Amino acid sequence: MHRRTTGVSRRTVTKAAARAGLAVLFGARTAAAVGSRTVDVSVSSAALGRSAPVRLILPSGFDSQPTRTYPVLYLLHGAHDDYTSWTRETDIEAFTEGRDLIVAMPDAGPTGIPTAWRGGPDYETFQLKEVPALLARDYRASGVRVVAGVSTGGYGAMAHAARHPGMFTAAASYSGILDTMAPGVPTLMDAIVARENLVPTSLWGNPFLNLLTWRDFNPRNRAAGLRGTALYVSSGSGLAGGTGDWLPEALESALWPSAHSFTDTLALQRIPVTTHFYAGGGHSWAYWKQEFTASWPMLARGLGVPQ
């Protein structure tokens, strides 16, 4: 975890501390300034049964316009990473300087799969109810939201938007797992879970015995819920046309059919989607940063802010 602690004004720290004091009453235990506009908030979550972090980037004029509300860009992290990844791997704080929006980067656990686990933590409720309630209450968030994510966070972006129609005006997935029941993908999901020393069936159960649960949380099966939401999907072919960086390219290759299965279903249902399927490419930030930039005009329209 790489936190930038320099350049934080006393006013920002004071404001963050004041918010933390108020937030304790509402479930957020601590708020710590980690950048000129960046604050980490620890939320006491009933859905998770523990406190969990969300990193916020506040608008440039947040303190000077105390009655203004702001739309929210949700950015979701991938597997085996955490809520700091977007600020660590991209220039998102500088990119949003001068743009009137809040950036929210909530925790999704070690697997980065933001879903309701079978008999376990409910990251879907944490991200879609508890965090938005906190933002509306303490940070003047409006009801306008867009969501984007990488890898398992790309799964989350499309699953959230599909399972909760109308909650997001736009959703973007970069190398996301968009058909969790495509050939080989359940095994991949099991591997992601097992790598964190968790029992694979603790996610949604057995993909055969608990087929209905797997279908319920699968973006492709819930595609109809995306009608009316602006969509962006990107994915690389990986090893086919790759450069020889075999591990990230192999993972990207494994997700290529899943992405096409998802967008083919959207086409059959006549749901518009902007796609960027490119030759080669790896499962890495080098590609995701470019894809975020490419999708930004769509996300900006969804937020109602200048591009």
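Residues numbered from 1 in each chain as written. Predicted model: local features only at pLDDT ≥ 70, side-chain atom pairs only at ≥ 80, totals over all residues. Heavy atoms only, no water.

1. Observations regarding the pairing of strand E5 (residues 102-106)
Right, so step 1: Among the five residues that make up E5, five are buried, leaving the element largely enclosed by the rest of the structure.
Right, so step 2: The alternating pattern of E5 places Ile102, Ala104 and Pro106 and Val103 and Met105 on opposite faces, both of which are buried.
Right, so step 3: Here strand E3 (residues 50-57) runs beside E5; their pairing, made up of four bridges, is antiparallel. For Arg55, the partnering residue across the bridge sits in E5 and is Met105.
Right, so step 4: Strand direction decides the pairing type here: strand E4 (residues 70-76) and E5, joined by three bridges, are parallel. When the sheet's bridge partners are listed, Val72 is paired in E5 with Ile102. (Buried < 20%, exposed > 50% of the residue type's maximum accessible area, 1.4 Å probe, protein only. Helix = DSSP H or I, 4+ residues; strand = E, 2+ residues; numbered from the N terminus. Pairing = 2+ DSSP bridges.)

2. A look at the packing of aromatic side chains
Right, so step 1: Throughout the structure, instances matching the rule amount to 15 aromatic pairs.
Right, so step 2: The interplanar angle of 70° and the centroid separation of 5.7 Å between the aromatic rings of Trp86 and Phe292 together place this pair among those described as edge-to-face. With a gap of 206 residues between them, Trp86 in helix H2 (residues 85-89) and Phe292 in helix H9 (residues 285-303) connect regions that are remote in the sequence. Here Trp86 and Phe292 have matching classes, each one buried.
Right, so step 3: Note on Phe292 and Trp296: the rings are 6.0 Å apart at their centroids and 45° apart in plane angle, and the pair reads as tilted. (Phe/Tyr/Trp six-rings, centres within 6.5 Å; stacked < 30°, edge-to-face > 60°.)

3. A few points about helix H6 (residues 185-195)
Right, so step 1: Buried within H6 we find Val185, Pro186, Leu188, Met189, Ile192 and Val193. One side of H6 holds all its buried residues, which, seen down the axis, span an arc of 160°. Seen from the open side of H6, the exposed residues pointing more than 90 degrees away from its buried face are Thr187 and Arg195.
Right, so step 2: Looking one or two places after H6, you find Asn197, whose phi comes out positive at around 60°. (Arc of directions from axis to C-beta.)

4. Topic: the environment of His80
Right, so step 1: Tracing the chain through its elements places His80 in the loop between E4 and H2.
Right, so step 2: It is 5.1 Å that separates the C-alpha atoms of His80 and Pro110, two residues lying 30 residues apart in sequence.
Right, so step 3: Those residues within four positions of His80 in sequence are excluded, and the remaining contacts are Pro110, Thr111, Ile192, Arg195 and Glu196.
Right, so step 4: At 2.6 Å, the side chain of His80 forms a polar contact with the side chain of Glu196. (Contact = heavy atoms within 4.5 Å. Polar contact = N/O pair within 3.5 Å; in protein donor to acceptor, adjacent residues only side chain to side chain.)

5. Quick look at helix H4 (residues 123-138)
Right, so step 1: At Val131, H4 shows its maximal kink, close to 25°; a proline, Pro132, follows between one and four residues later.
Right, so step 2: Looking only at H4, the buried set comprises Tyr123, Glu124, Phe126, Gln127, Leu128, Glu130, Val131, Pro132, Leu134, Leu135 and Asp138.
Right, so step 3: Structurally, the start of H4 carries an N-cap: the backbone nitrogen of Glu124 is 3.2 Å from a side-chain oxygen of Asp122.
Right, so step 4: Count one or two residues on from H4 and you reach Arg140, which has phi positive near 60°. (Bend = angle between axes of the 7 residues up to and from the residue.)

6. Structural notes on the pairing of strand E7 (residues 170-174)
Right, so step 1: Most of E7 is tucked away, with five of its five residues classed as buried.
Right, so step 2: Both faces of E7 are covered, namely the face carrying Ala170, Ala172 and Tyr174 and the face carrying Ala171 and Ser173.
Right, so step 3: With five bridges joining them, strand E6 (residues 141-150) and E7 adopt parallel strand pairing. Looking at the pairing, Ala148 lines up with Ala172 of E7.
Right, so step 4: Since E6 and E7 lie parallel, the crossover through helix H5 (residues 152-163) that links them has a hand, and here it is right-handed.
Right, so step 5: Relative to strand E8 (residues 230-236), E7 runs parallel, the two sharing five bridges. Residue Tyr174 lies in a different strand from E8, and its bridge partner there is Ser234. (Right-handed = clockwise from strand over helix to strand, strands pointing away.)

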